Structure formats: structure tokens, C-alpha cells
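So you can see what is in the structure, the chains are spelled out below.
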Amino acid sequence: MKILKTQTLRGPNYWSIRRQKLIQMRLDLEDVADKPSNLIPGFYEGLVNTLPSLVEHFCSRDHRGGFLERVKEGTYMGHIIEHIALELQELAGMPVGFGRTRETSTDGVYNVVFEYVYEEAGRYAGRAAVRLCNSIIKTSSYPPEELAQDIADLNDLRASSALGPSTETIIKEAETRSIPWMMLSARSMVQLGYGVNQRRIQATLSDNSGILGVELACDKEGTKTTLRDGGIPVPKGTVIFYSDELADAIEDLGGYPIVIKPLDGNHGRGITIDINNREEAEDAYDLAAAASKTRSVIVEKYYKGNDHRVLVINGKLIAVSERIPAHVTGDGQSTVEDLIEQTNQDPNRGDGHDNVLTRISVDRTSLSVLKRQGYEMDSIPKEGEVVYLKATANLSTGGIAIDRTDDIHPKNIWIAERTAKIIGLDIAGIDIVTPDITKPLEEVDGVIVEVNAAPGFRMHVAPSQGLPRNVAAPVLDMLYPDNHPTRIPILAVTGTNGKTTTTRLLAHLYRQTGKVVGYTSTDGIYLGEYMVEKGDNTGPLSAGVILRDPTVEVAVLECARGGMLRSGLAFDSCDVGVVLNVAEDHLGLGDIDTIEQMAKVKGIIAEAVNPEGYAVLNADDPLVAQMAKGVKGKVAYFSMAQNNPIIIDHLRRDGIAAIYENGYLSIFEGEWTLRIEKAENIPVTMKGMAPFMIANALAASLAAFVNGVDIELIRQGVRTFNPGADQTPGRMNLFDLKDFSVLVDYAHNPAGYEAVGAFVKNWKGDRLGVIGGPGDRRDEDLMLLGKIASQTFDHIIVKEDEDKRGRDNGEVADLIVKGILAQNPEASYDVIIDEISAIETGLEKVKKDGLVVIFPESVSRVISMIEKHKI
């Protein structure tokens with residue numbers, strides 16, 4: 001059994017619209033594993049012995065142990081891999097539950113899909129599940145040490161992949177508000193929202209955080225000076241740069257006790273408090289200087305009291321936490337070292353920030369703190385005696401937090417809020433040392449010792465004692481005040497044919513509103529009138545470029561089959577989802593073998609429409625019309641026939657539709673009719689002679705209308721959209737040369753050929769076709785291209801693409817010719833394999849006033865050739 005391919009699905013996808021983080025493995029079971037599990041000796045017993053926790057899996061049966069029942073009765077290995085991959089992640093603390101396994105058209109090959117929390121961990125779990133099953137198949141067991149290593153590795157991947165606790169807190173709150181988010185590729189930044197409505201955070205720094213405030217907060221002495229000038233109580237102290245300045249600094253403060261800390265440190269590193277003699281001071285200086293990037297050290301008066309972190313967001317106090325340094329409590333029997341080990345066994349403690357509390361580690365500072373209390377690591381404290389292990393109360397060094405939000409005195413609230421404004425921070429962590437937070441600072445000799453930019457949220461969200469505080473909510477209230485929108489309109493377009501033209505026309509219609517439109521298509525990524533990147537950009541990565549751009553006000557995204565199958569969609573939902581048609585193209589690729597399966601792929605767009613949005617569906621295509629059943633939002637139809645029964649019923653129910661009637665493109669809403677324009681006056685319809693272009697214009701007009709674009713702007717847009725090579729290269733580009741005309745279209749499947757043929761058959765004159773087809777299509781599809789061409793053209797030149805896509809040279813042409821002759825044994829045709837030579841021959845051979853139709857591999861190359869013929 002081996003993995004053939006692994007890919008990651010994000011966003012709505014072929015397997016699930018709601019589950020948007022999936023791993024898909026293409027798995028070859030090979031001969032040994034390609035049989036039901038009950039026929040593999042010792043497999044059931046080996047699996048139960050290795051992973052007894054699988055008893056918790058219900059599977060398709062509504063009771064505990066249902067999955068193991070199926071293994072015992074006999075199920076295929078792909079299904080078992082799915083469940084093991086989920087269970088391994090669960091054992092490593094990653095809750096997952098969704099999975100699917102399906103056979104492919106290739107014997108013994110399965111698609112196995114399962115949910116993940118962190119992508120790298122999910123991929124590892126899939127590989128480990130295959131290793132485990134292979135081992136049980138061969139030996140009826142899986143070594144316990146290997147399982148333990150797998151889980152340890154998954155734990156490591158979870159820890160390394162996880163967002164920081166503060167970032168995760170904000171993202172969870174964003175998800176509860178349906179605010180989309182994405183990781184950016186630099187500096188661990190997270191984008192909230194889309195396009196022009198995006199905001200960015202980096203931990204608890206936001207794009208509201210001014211650089212002056214952040215820089216000032218990082219300058220501890222500058223912060224203290226600024227606050228002192230504002231009348232805020234701060235410790236007396238000075239900055240020294242050399243050890244021989246230490247004695248004078250202590251004398252200036254009036255002697256001991258003192259605090260020594262690095263000028264530019266963080267997380268409590270290098271800080272020593274309550275220093276009472278010269279030896280301690282010199283050791284503390286060395287420690288602080290080593291932790292300072294500039295070797296600059298602050299010497300301050302020591303103020304007795306408890307350490308409090310006050311969180312101020314957007315000028316308002318949100319939470320207060322009393323922080324207690326890492327410590328152990330004696331039991332009269334255990335050494336300090338034993339007590340630390342026992343404390344670290346608390347399941348709430350983890351490494352770094354991956355749990356509510358952090359494990360206590362012993363370093364030079366810990367030994368110094370112990371020594372000053374009269375202890376060493378092998379000392380045995382008395383029962384109930386508290387032994388401190390750190391000088392500072394940071395959670396990151398093993399401290400604990402107690403919520404004091406409801407206890408702080410009103411005047412201290414006022415001081416904290418003033419402090420944040422004086423320093424200039426939108427999100428500030430203010431450290432206050434005071435013996436009693438319930439009393440004004442000046443009454444109890446309390447001081448503000450530090451102001452922190454990017455303060456941690458963990459102590460407030462998950463305090464060791466007291467009430468958890470939702471500190472992420474005020475962050476999002478600040479970033480998005482007064483229900484400011486977080487999204488931009490997303491209009492997604494899919495179908496077998498017509499996607500690019502419809503996408504470009506829809507973007508053009510929306511540009512009439514004056515908004516900045518970003519769109520993706522098979523020829524590039526565009527922002528407004530400018531191309532960002534050339535090439536086929538119809539997948540989620542290209543859509544992400546649009547959604548990340550801070551200037552984009554509207555996104556129009558062409559979504560092709562390949563990208564949806566490989567990676568899903570770039571967005572969690574769309575406002576308008578347009579499905580143009582479903583035809584027999586790309587069948588046999590990506591395990592999509594039937595047109596019904598292809599319809600399910602295209603239907604992802606309709607199902608991804610949000611509840612307030614619209615699915616715009618082709619009522620003339622039964623497979624598309626059926627997609628209405630899966631739409632969570634509203635449905636609007638377009639049709640070339642006013643008497644279409646679906647349209648009649650839809651309008652009877654006061655629905656919205658766009659219909660081609662009496663030569664007009666019109667929008668019907670209940671009993672109202674809004675005529676857009678005569679088809680012959682709309683350039684994209686080729687003077688009304690291209691029915692499929694009329695359908696594309698109907699779809700685009702309807703999509704714009706249901707998303708709020710004024711009908712007058714739609715009229716203006718359809719009149720001014722020119723389907724030339726500049727706006728829609730390779731989409732019904734008609735060139736009038738001196739003695740004949742040339743039509744260039746990128747049609748490459750039977751439905752596309754038929755659509756172009758509907759226009760060509762109206763041509764009064766000689767009709768010559770230069771045709772070909774992609775090599776990765778089925779034999780019957782290529783033969784069908786020949787049959788359609790035989791019905792459309794007076795003479796045919798068969799050529800091939802340079803990219804054979806796995807075919808032998810001449811193989812595609814032979815199949816097309818076979819189709820031509822099957823339709824018409826007397827057909828006039830030539831075979832010229834080279835595309836350039838074939839086109840040149842066609843341009844030379846066409847009769848006066850005739851039409852040359854070219855279906856090229858390279859649109860830009862053909863257009864350049866035609867431009868030369870104009871000269």
C-alpha cells in the first residue's frame with residue numbers, strides 16, 4: 001500500500017462545503033491490501049491492540065464501537081486509513097472528525113480525505129496511518145515505540161504550527177463573527193477581512209498601532225520619563241552603561257532595596273528584584289547586561305507589592321491580572337527539585353505558550369532567587385511554605401495569573417487609560433506594582449513599572465484563578481467599529497464554457513460603479529485596468545492575490561475545475577455564484593469520469609453562496625438547474641427561452657430571472673420587466689448572431705443586478721464592452737481583413753465547438769476551420785470535435801498542439817479525422833500537424849469574403865500572425 005499523491009484542500013471543496021481544511025490522499029492499495037479487512041489474517045486484532053481508542057469511532061453506525069465492528073465484518077483499507085489518520089491527530093491533541101473515502105475508476109486506487117487542524121500534522125498523520133496499516137498487514141502489529149514516536153512527532157508539529165495564544169484568541173473571536181482571515185507570508189502577520197476592508201494584526205500589534213508608540217514602549221527609560229512628565233507615578237531610577245557606574249546609581253537612589261533590569265529586555269529576562277547588597281547587585285548587573293542588546297542597564301528603586309498586568313484596548317481598560325512568579329509549595333518531604341517536577345506534571349502546563357500555563361524551568365536566575373531565600377535545589381521546604389523560583393511574574397517563565405478586573409480602583413483605571421494614551425498605544429499592557437490594587441496608587445506607594453506593546457492575552461483569557469475575559473472582542477470592535485464591513489462583494493464564475501468572457505464582462509459592468517474591481521481569468525490577474533500577472537490564473541492562489549489587495553472593492557473570480565479539485569476555493573463563501581453550463585470536457589481527469597461528477601465540481605460555486613447571496617444558474621442546462629437544491633442563499637435563473645418551465649415557475653414565485661426575449665436581454669422580477677438592450681446592439685453577442693454569447697451576457701447582467709448594480713449602469717456596461725482581442729483575447733475575436741475575416745476562439749471541447757458553430761453557420765460565404773484538441777481528452781471527445789467540425793465548415797485543416805499531453809505525435813489528429821469521416825466520408829480536409837503552418841495555410845486558402853475560424857493552442861501567437869496579415 002502506498003500514497004500516490006497528497007494535496008491540501010482549503011475552503012469549500014468537492015468533498016465538503018462546510019469542512020474547509022482537508023487532506024486528500026490518492027492511495028494505491030496494491031494487491032495485499034486490496035481486500036476487505038476480515039480477509040487479512042490478524043488485522044482486526046492487531047489494529048485493536050495498537051489503537052484501542054478507535055472504539056470511540058461511531059463511523060456510519062450510531063453507537064460507540066461502530067467503526068471497529070465494520071473492520072471486523074470487513075471494510076476496505078482506504079476507509080481504515082481515514083479513521084487512523086483522524087485518531088492519530090486526536091491523540092496528539094488536535095480535535096478532528098470529518099473523513100471520506102471513495103473508490104476511483106482505477107482498480108485498487110482510492111481517494112482518502114480527512115480533516116486536519118494543522119496542515120503539516122495532517123499530512124504526517126496520513127503517512128503514519130499508511131505505515132501503521134502496512135505493518136499490521138505484514139506482522140499483525142505495530143511497534144509501540146513507533147506509535148509513541150508518531151504521537152510525539154505530531155505533538156511537535158502541533159506546537160510548531162500553532163498560532164500564538166494571543167493571535168489564536170483574536171482569530172477565534174473573528175470566526176465567531178464570521179470575519180474571514182488568512183495568514184500572510186511575512187512576519188507572522190494575519191489578515192482579517194478581504195480587500196479594501198482588510199485589517200492586519202501581528203500577535204497583538206494591529207495596523208492601528210503607531211510606530212512611535214511601539215518604539216517608545218520598547219524604550220523603558222524613555223517610557224518612564226514620558227510618564228513622569230505626565231504626572232504618572234513611576235519608579236525612581238537611572239540608566240547605566242558600565243559596571244563602574246553601579247555604585248553611584250545605587251547611592252543616588254538612596255541605597256537598597258533596588259531592581260536591576262535590561263534597558264531593552266522582554267518577557268522578564270535579565271530582571272532581578274529586591275536586591276539588598278553589593279554582591280547581589282553585581283550579579284544582577286551581569287545578568288541584565290547579558291540580556292540587553294545594547295548592554296544598557298536600568299537601576300531602579302524597589303517598590304514592594306504585587307505585580308499586576310492591566311490591559312487597555314482602544315483607550316479603555318479591559319482586564320486586570322495579578323501575576324505571581326513561578327513557585328512551589330513545600331510538603332515537608334520533597335526537595336525543591338522534586339516539587340518542581342510535581343508541579344510540571346499539571347496537565348495545564350506545557351512548553352512555551354501551547355497551554356494555559358508554562359512548565360517551570362530552572363536557570364541561573366532561579367538558583368539566585370532560591371539562594372536569597374536560603375534554599376538550594378536539594379533543600380526540603382516545610383509544609384505549606386511557598387518557595388519562589390523566578391524574580392518576575394511572567395507566565396512565560398512559569399508564573400500564574402489571578403483575574404482582578406473587578407477589583408481595581410476607579411482612579412487606577414483612569415491612570416491606566418491615561419498611560420496608554422500618553423504612550424500612544426492602541427493595545428497596551430501596563431505593569432503596575434502595588435500592595436493593593438483596590439486603592440489609589442498614591443495611597444499605597446504603587447507605581448507603573450512598564451508599558452508593553454503587543455501584550456500577551458493568555459493571562460486574561462485563561463487565568464489560573466478567576467473569571468476569563470474575552471479580550472479579543474474589544475480588539476475587533478476597535479478594528480471594525482460600528483459594524484464596519486469586513487468583506488467585499490465576491491462574485492464567482494464557473495462553467496465548462498464562457499467563464500472568461502462572463503468574468504470579464506461582469507468585471508466591466510461593476511467598473512461602471514466607479515469601484516476598484518479585481519478579477520482573475522484564464523489570461524491573467526487584473527486590478528482595475530492593469531494586469532498584475534499574465535497566464536491562467538483561475539485557481540485559489542490567484543484569487544488570494546485579489547482578496548489580499550487593500551485597494552480592491554469588488555472581486556470577480558473565475559473558478560476553474562482544476563483549482564477547485566486540487567485546492568478548493570480561496571474564500572469561505574461568495575455573494576454571487578454563477579454557473580454557466582456543464583458539458584463533457586476534462587472527463588477522465590482528476591477522477592472525474594462522468595458529467596454528473598463534473599456537475600458536482602461546478603456546483604461547489606452554487607453551494608458556496610452565502611445565505612444572503614444569489615446563485616445565478618442556467619435554467620436551460622438541466623445539470624445546472626438542479627444545483628438550486630443545494631443553494632443556501634437565493635436563486636436567480638437565466639435562459640434563452642421565455643417559455644422555459646423552470647423560468648415560468650420561478651417568476652410565478654416572484655423570483656428574478658434574465659431572459660432573451662423578442663431580441664432583447666431583459667431582467668424579470670415577478671411581474672416587472674426591465675429591458676437591458678437589444679442583443680444586436682451589444683457587441684459581445686456579435687450583432688445577436690452568437691447565442692452562447694447572449695447567454696453569457698444574460699448571466700453577467702443578472703449577477704451584477706442581484707448584487708445591487710443599477711440597471712442603467714448595466715446597460716452602459718453591455719454597450720461598451722467590446723469582445724476584441726484587447727478585452728477578451730481568444731473569446732470570439734473577429735478580425736476583418738482585406739478580403740476575408742478571421743474568428744479566433746479558445747474553444748477546445750465539443751460544447752465550445754457547437755457554440756462557435758452556431759455563429760459560423762450564419763456566415764454568408766466560405767467557412768474554413770483550423771481545428772485541434774488537447775491531448776489529455778478522451779478519444780471519443782476528440783472524435784466528436786471532428787464530427788462537429790464536419791457539420792460546421794466547408795473545409796477543415798486539422799493541426800495539433802505543441803504540448804501533446806501524453807499523446808504520440810499525430811495521434812490527436814488521427815482521432816479528429818476519424819470523427820470527420822464518420823460524419824461525412826466526403827468531407828474536405830487537410831492534416832497539417834504544426835499549428836503555425838496550419839494557420840498560414842488556412843489564411844492563404846480561404847476564399848474571398850470567407851471566414852477562417854481558428855481554435856488555437858496559443859491565442860497571443862495567432863493574434864500576432866493575424867495583425868501581420870493586416871499590413
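Everything below is about the structure shown above.
Model, not experiment: these values are computed from the prediction.

Trainee: Got a minute to help me understand the overall build of the chain in this structure?
Mentor: Assigned secondary structure in the chain consists of 30 helices and 38 strands. In terms of overall dimensions, the chain has a C-alpha envelope of 110 × 70 × 55 Å along the principal axes. The burial tally for the chain puts 56% of its 871 residues in the buried class. Considering only residue pairs separated by 6 or more positions, the chain has 66% of its internal contacts joining residues 24 or more positions apart.

Trainee: How should I be thinking about the pairing of strand 22 (residues 490–494) in this particular structure?
Mentor: For a regular strand, side-chain orientation follows a simple rule: the groups alternate between the two sheet faces. Among the five residues that make up strand 22, five are buried, leaving the element largely enclosed by the rest of the structure. As defined by bridge partners, strand 22 adjoins strand 26 (residues 554–558) across four bridges and the pair is classed as parallel. Counterpart to Ile490 in the pairing with strand 26 is Ala555. As paired elements, strand 22 and strand 27 (residues 574–579) share four bridges and run parallel to each other. From the neighbouring strand, Leu491 faces strand 27, where its bridge partner is Val576.

Trainee: Sorry, what's going on with the packing of aromatic side chains here?
Mentor: Two numbers describe a pair of aromatic rings. These are the distance of the centres and the angle of the planes. Counted according to the given criterion, the structure contains five aromatic pairs. Seen in terms of ring centroids, Tyr519 and Tyr526 are 4.8 Å apart; in terms of plane orientation they differ by 10°. Their pairing is stacked. As far as the burial class goes, Tyr519 and Tyr526 line up, both buried. Between Tyr753 and Phe855, the aromatic rings sit 4.2 Å apart at their centres with planes inclined by 20°, giving stacked as the arrangement. Within this pair, whereas Tyr753 is found in helix 26 (residues 750–760), its partner Phe855 is found in the loop between strand 38 (851–854) and helix 30 (859–870), the two being separated by 102 residues in sequence. With relative accessibility at 2%, the residue Tyr753 sits in the buried group. For Arg131, the ring lying beneath its charged end belongs to Tyr124, and the centroid distance is 5.6 Å. Seen from the ring of Tyr664, Arg675 lies directly overhead, with NZ or CZ sitting 4.1 Å from the centre.

Trainee: Honestly, empty space enclosed by the protein in this entry has me stumped. Any pointers?
Mentor: The gaps of empty space that remain are located by a probe, the size of a water molecule, rolled over the atoms. Enumeration according to the criterion identifies four cavities of 30 Å³ or more in this entry. When its volume is computed, the largest cavity comes out at roughly 80 Å³. As for the largest cavity, its lining consists of 14 residues, of which Lys220, Thr223, Lys224, Val449 and Glu450 are closest to the centre. For the lining of the largest cavity, the elements supplying multiple residues, two or more each, are helix 9 (220–229), strand 12 (297–301) and strand 21 (447–453). A total of five residues in the lining of the largest cavity trace back to one element, the largest contributor, which is helix 9. For the lining of the largest cavity, the residue count by class is seven nonpolar, one polar and six charged. As a volume, the second largest cavity reaches approximately 50 Å³. In terms of lining residues, the second largest cavity is bounded by Thr538, Gly539, Pro540, Ala543, Leu557, Glu558, Cys559, Met564, Gly568, Leu569, Ala570 and Phe571.

Trainee: I'm lost on the pairing of strand 10 (residues 258–262) in this one. Help?
Mentor: In terms of burial, strand 10 is largely enclosed, as five of its five residues are buried. Strand direction decides the pairing type here: strand 10 and strand 11 (residues 272–275), joined by two bridges, are antiparallel. Among the inter-strand pairings, Ile258 is bridged to a residue of strand 11, identified as Ile275. As defined by bridge partners, strand 10 adjoins strand 12 across five bridges and the pair is classed as antiparallel. By the bridge assignment for strand 12, Ile258 is matched with Lys301.

Trainee: Sorry, what's going on with the pattern of salt bridges here?
Mentor: One side chain can pair with another of opposite charge once the charged atoms of both are near each other. Tallying each qualifying case throughout the model produces 51 salt bridges. The residue Arg807 makes a salt bridge to Glu811 at a minimum N-O spacing of 3.0 Å. According to the relative accessible area criterion, Arg807 is buried, its value standing at 14%. Members of the salt-bridge network, linked through shared partners, are Lys220, Glu221, Lys224, Lys261, Glu300 and Glu450.

Trainee: Is there a simple way to explain the sheet that holds strand 34 (residues 741–744) in this structure?
Mentor: Adjacent strands of a sheet pair through backbone hydrogen bonds, lying either parallel or antiparallel. Strand order in the open sheet formed by six strands is 33-34-38-35-36-37, and the pairing between neighbours is mixed. Looking at the sheet topology across the chains shown, the edges are occupied by strand 33 (733–736) and strand 37 (829–831). Here the strands of the sheet are splayed against their neighbours by 15° on average, with no regard to which way each runs. Of the strand pairs in this sheet, strand 36 (residues 795–798) and strand 37 are connected by three bridges, and their pairing is parallel. Of the residues in strand 37, the one forming a bridge with Ile796 is Tyr829. Strand contacts of helix 28 (residues 811–823): strand 35 (767–771), strand 36 and strand 37, with the helix running at about 160° to strand 36, the strand carrying the most contacts.

Trainee: How do you make sense of the environment of Thr434 when you look at a structure like this?
Mentor: Position of Thr434 relative to the elements: it lies in strand 20 (residues 427–434). Spatially, the C-alpha atom of Thr434 lies 6.8 Å from that of Val444, the residues being 10 residues apart in sequence. With residues up to four places along the chain from it excluded, the contact list for Thr434 reads Gly305, Asn306, His308, Leu441, Val444 and Gly446. Only 3.3 Å separates the side chain of Thr434 from the backbone nitrogen of Asp436, close enough to count as a polar contact.

Trainee: Please explain helix 21 (residues 595–607) as it appears in this structure.
Mentor: Because an α-helix packs 3.6 residues into every turn, residues spaced three or four apart end up facing the same way. With 13 residues, helix 21 extends 18 Å from end C-alpha to end C-alpha; this agrees with the ideal 18 Å at 1.5 Å per step. Remark: the principal bend of helix 21, roughly 30°, maps to Val601. For helix 21, the set of buried residues is Ile595, Met598, Ala599, Val601, Lys602, Gly603, Ile604, Ile605 and Ala606. Of the surrounding secondary structure, the elements contacted by the buried residues of helix 21 are strand 22, helix 20 (561–567), strand 27, strand 28 (609–618) and helix 22 (622–625).

Trainee: Quick question: what am I supposed to make of the sheet that holds strand 10 here?
Mentor: On the basis of which strands lie adjacent, the open sheet formed by four strands has the order 9-12-10-11 and antiparallel pairing. Bordering the open sheet on either side are strand 9 (237–240) and strand 11, each of which pairs with just one other strand. For this sheet, the mean inter-axis angle between neighbouring strands, taken without regard to orientation, is 20°. Bridging between strand 9 and strand 12 involves four bridges; their strand directions are antiparallel. The residue of strand 12 that forms the bridge with Ile240 is Val297. Here helix 9 sits on the sheet and contacts strand 9, strand 10 and strand 12; the angle it forms with strand 9, its principal contact strand, is near 150°.

Reading guide: rules and limits
Residues numbered from 1 in each chain as written. Predicted model: local features only at pLDDT ≥ 70, side-chain atom pairs only at ≥ 80, totals over all residues. Heavy atoms only, no water. Helix = DSSP H or I, 4+ residues; strand = E, 2+ residues; numbered from the N terminus. Buried < 20%, exposed > 50% of the residue type's maximum accessible area, 1.4 Å probe, protein only. Contact = heavy atoms within 4.5 Å. Pairing = 2+ DSSP bridges. Phe/Tyr/Trp six-rings, centres within 6.5 Å; stacked < 30°, edge-to-face > 60°. Lys NZ or Arg CZ within 6 Å of the ring centre and 35° of its normal. 1 Å grid on protein atoms, 1.4 Å probe; cavity = no way out; pocket = protein on both sides within 12 Å on 5 of 7 lines; lining within 4 Å. Points joined across faces, edges and corners; volume = space filled by probe spheres on them. Nonpolar A, V, L, I, M, F, W, Y, C, P; charged D, E, K, R; others polar. Salt bridge = Lys/Arg side-chain N within 4 Å of Asp/Glu carboxyl O. Axes fitted to C-alpha atoms, helices over the stretch in contact; angles between N-to-C directions. Polar contact = N/O pair within 3.5 Å; in protein donor to acceptor, adjacent residues only side chain to side chain. Expected span 1.5 Å × (residues − 1). Bend = angle between axes of the 7 residues up to and from the residue.

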